[in-house]
Amino acid sequence: MASSLYSFLLALSIVYIFVAPTHSTSRTALNHHHEPKVAGFQIMLEHVDSGKNLTKFELLERAVERGSRRLQRLEAMLNGPSGVETPVYAGDGEYLMNLSIGTPAQPFSAIMDTGSDLIWTQCQPCTQCFNQSTPIFNPQGSSSFSTLPCSSQLCQALQSPTCSNNSCQYTYGYGDGSETQGSMGTETLTFGSVSIPNITFGCGENNQGFGQGNGAGLVGMGRGPLSLPSQLDVTKFSYCMTPIGSSTSSTLLLGSLANSVTAGSPNTTLIQSSQIPTFYYITLNGLSVGSTPLPIDPSVFKLNSNNGTGGIIIDSGTTLTYFADNAYQAVRQAFISQMNLSVVNGSSSGFDLCFQMPSDQSNLQIPTFVMHFDGGDLVLPSENYFISPSNGLICLAMGSSSQGMSIFGNIQQQNLLVVYDTGNSVVSFLSAQCGAS
């Protein structure tokens, strides 16, 4: 039923654009019953390694390595020193969206990132730009481009904006030395046949430390005013991620198409941090392995409102799920106790806990893994938490976070329709065959 529902939604044609109202610059403003800029549309997502001649082992190895770097970036966001001149953001990710910019429309691909807000792409003239597969955008060649004045509310929404000749300037650092700098502007973005004018974005003229061939920029999907959902005035979006190595695309729905999705159980309450309002914090009460509830203090998963530590975020760009160390150790020990298999070293593949597969794999018994959310229990299929990076090994797709924050990663979200409803402060999960026609 869930699969057919999702397939029906994917078959819907692109809908018409409504007249765009004056856009809001905060989630508070979104609650003032503004009409959204668009009725709704669908975006196809490609895994960053899609189409490359890589084995399943190589795909997993690369994804885990990227996820580890992203974890470091996310932790840097929590632990950056006060008064830092360059704000630190998550960046990077696992899924690319194809879109176009300007008039005439110029296609490019960009990382979808639920851990940051800014939309940006490389622009001419470049002081320093990395290689990309499409021509670098030249704003002077677009009739719909405008610079963003320093007095703009969205310029002031930047953490550390600067001003040059009344043109808003930005700098975004990503925790690992990579950084994008440039000027802010407004432009028409096109998704398929849907064109949306006056979207504020960063025109990156100095982009250092990227150069991995993963798109020409980034589309922030976070909770801040600069993100794509916020600028579209939509309070609901959903995605359905196909497994790593799948030949089919994943899908992102925004606006009314996401509104059409019947939210399933379980669900979880969204919490917003005053320290890092970009992140989607969710409400997790506990974990079980097999029939055993794990002895984890529920406070481990609670966001500390005083200093922004702790809590658990749901994130599209982190590969594995990471738990605060004491919670992860409880999960790890429970699987060791219940798997009845020999533990082997999987660190060369980026995994902390691996087991030797039995010679007769029909005898493999994997305990269930349950996440106890405040709105119900999410029982994950075993392929969402155990993967085989190489012949003879089966590894737990989870790890430990050293800074106390937990992250619900994208391997655990594969073949789930994940619906973000910021208007009602809830995330819902519905089992689906993502990418099915």
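These numbers come from a predicted model, not from an experiment.

Calculation criteria
- Here the residue numbers are simple positions, counted from 1 along each chain's written sequence.
- In keeping with the model being predicted, local features are shown solely for residues with a pLDDT of at least 70 and side-chain atom pairs are shown and tallied solely at 80 or more, while totals for entire chains, interfaces and linings include all residues.
- In computing side-chain properties, one takes all heavy atoms of the structure into account and sets aside hydrogens as well as water.
- Note on conventions: DSSP H or I runs of at least 4 residues are helices, E runs of at least 2 residues are strands, and numbering of each starts at the N terminus.
- Working definition: with a 1.4 Å probe on protein chains only, accessible area under 20% of the residue-type maximum means buried, over 50% means exposed, and in between means partly exposed.
- Residues are treated as being in contact if the distance between any of their heavy atoms lies within 4.5 Å.
- For accessible areas, the Shrake-Rupley method is used with a probe of radius 1.4 Å. Any residue's cover is judged against the shown protein chains and nothing else.
- Whether two strands pair comes down to DSSP finding at least two bridges between them.
- Note on method: axes are straight lines fitted to C-alpha atoms, helices fitted across the in-contact stretch only, with angles between N-to-C directions ranging 0 to 180 degrees.
- Criterion for a salt bridge: a side-chain nitrogen of Lys or Arg within 4 Å of a carboxyl oxygen of Asp or Glu.

Undergrad: Could you give an account of the overall build of the protein chain, with specific residues and numbers?
TA: A tally of helices and strands in the protein chain yields 7 helices and 28 strands. Taking all 437 residues of the protein chain together, the buried fraction comes to 54%. Counting contacts in the protein chain only where the partners sit at least 6 residues apart, residues at least 24 apart contribute 70% of the total. Of the roughly 17,200 Å² that the protein chain leaves accessible, carbon and sulfur atoms contribute 48%.

Undergrad: How would you explain the sheet that holds strand 22 (residues 376-380) if you had to name every residue and give the values?
TA: In space, the 4 strands of this open sheet follow the order 16-15-21-22, with antiparallel pairing throughout. Because the sheet does not close on itself, it has two edges, and the strands there are strand 16 (292-293) and strand 22. In this structure, strand 15 (residues 284-289) lies alongside strand 16, joined through 2 bridges in antiparallel fashion. Its bridge partner lying in strand 16, serine 288 is registered against proline 293. Against the sheet, helix 7 (residues 325-339) touches strand 15, strand 16 and strand 21 (369-373), its axis set at about 20° to strand 15.

Undergrad: Please provide a residue-by-residue account of the pattern of salt bridges, values included.
TA: All told, the structure shown has 2 salt bridges when counted by the stated rule. A salt bridge links lysine 236 to aspartate 421; the shortest N-O distance between them is 3.8 Å. Pair noted here: lysine 236 is in strand 11 (residues 236-240) and aspartate 421 is in strand 27 (residues 416-421), with a separation of 185 residues, a long-range link. Taken as a pair, lysine 236 and aspartate 421 share a single burial class, namely buried. We note a salt bridge from arginine 332 to aspartate 352, for which the minimum N-O separation is 2.7 Å. Remark: aspartate 352 occurs in the loop between strand 19 (343-344) and strand 20 (354-356) and arginine 332 occurs in helix 7; sequence separation between them is 20 residues.

Undergrad: Please give an account of the environment of phenylalanine 191 that cites residues and values.
TA: Residue position: phenylalanine 191 is located in strand 8 (residues 179-191). Counting along the chain gives 92 residues from phenylalanine 191 to leucine 99, while the straight-line C-alpha distance between them is 5.0 Å. Excluding its chain neighbours within four sequence positions, the residues that come into contact with phenylalanine 191 are Phe41, Ile43, Met97, Leu99, Ile196 and Leu228.

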